[in-house]
Amino acid sequence: MSNVPSDLKYAKSHEWVRVSGEFAVVGITDHAQHELTDVVFVELPAVSRQVKAGETIAVVESVKTASDIYSPVGGQIVEVNPTVVANPALVNTEPYGGGWFYTIKLSQPADLDSLLTPEQYTAQIG
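This report concerns the structure included in the present document. (Residues numbered from 1 in each chain as written. Predicted model: local features only at pLDDT ≥ 70, side-chain atom pairs only at ≥ 80, totals over all residues. Heavy atoms only, no water.)

1. A short note on the overall build of the protein
At step 1: Each helix and strand counted, the protein has four helices and nine strands in total.
At step 2: Order of helices (α) and strands (β) in the protein, N terminus to C terminus: β-β-β-α-β-β-β-β-β-α-α-β-α.
At step 3: Since a compact globule built from 126 residues should have a radius of gyration of about 14 Å, the 13 Å found for the protein is in line with a globular shape.
At step 4: When contacts within the protein are restricted to residue pairs at least 6 apart in sequence, those whose partners lie at least 24 apart make up 61%.
At step 5: Accessible surface computed for the protein: about 6200 Å², of which carbon and sulfur atoms make up 51%.
At step 6: Positive and negative charge centroids in the protein, built from 7 and 15 side chains respectively, lie 6 Å apart. (Helix = DSSP H or I, 4+ residues; strand = E, 2+ residues; numbered from the N terminus. Rg over C-alpha atoms; globule rule 2.2 N^0.38 Å. Contact = heavy atoms within 4.5 Å. Areas by Shrake-Rupley, 256 points an atom, 1.4 Å probe, with all protein chains shown as cover. Lys, Arg positive; Asp, Glu negative; His and termini not counted. Charge placed at Lys NZ, Arg CZ, Asp CG, Glu CD.)

Following this line, the structure appears as structure tokens:
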């Protein structure tokens, strides 16, 4: 059973969002990292990049496959996690902690309304 923290919102494409005021931290879920298996490479967006919800924002490569990561919300990238680039295994060991990808300043807070609750996400990955 995957870990689905109750304080996050989730995208159907397996990204999580931790909202704090007008900012949100984004990463991929425990379920997603489990499906990918051993993550060996993470490519993150450039700071200052403007993105729309649903846009391809990052790439994760594992020993099994390469996967596009989609931004669950729109806005401007204000910070990326250099530690996860240097140590991609954090995506596997700490998907909700040290394995986060980027922080975004929300441009459309209404984007959050289309995300799943923990209960909805749990039902999706069932």
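2. Things to note about the pairing of strand β3 (residues 23-28)
At step 1: Here strand β2 (residues 15-20) pairs with β3 via six bridges, running antiparallel. Within β3, the position partnered with S20 by the bridge is F23.
At step 2: Between β2 and β3, which follow one another and run antiparallel, lie two residues, and G21 among them has a positive phi close to 65 degrees.
At step 3: In this sheet, strand β9 (residues 102-106) lies alongside β3 in antiparallel orientation, the contact comprising four bridges. Bridge pairing in β9 links A24 to I104. (Pairing = 2+ DSSP bridges.)

3. A short note on the sheet that holds strand β7 (residues 66-70)
At step 1: The three strands lie next to each other as β4-β6-β7, forming an open sheet whose pairing is antiparallel. Two strands lie at the open edges of the sheet, namely β4 (39-43) and β7, each paired on one side alone. The mean inter-strand angle of the sheet, taken between neighbouring strand axes irrespective of direction, is 25 degrees.
At step 2: With five bridges connecting them, strand β6 (residues 56-62) and β7 associate as antiparallel partners. Paired with V59 across the two strands is D68, which belongs to β7. (Axes fitted to C-alpha atoms, helices over the stretch in contact; angles between N-to-C directions.)

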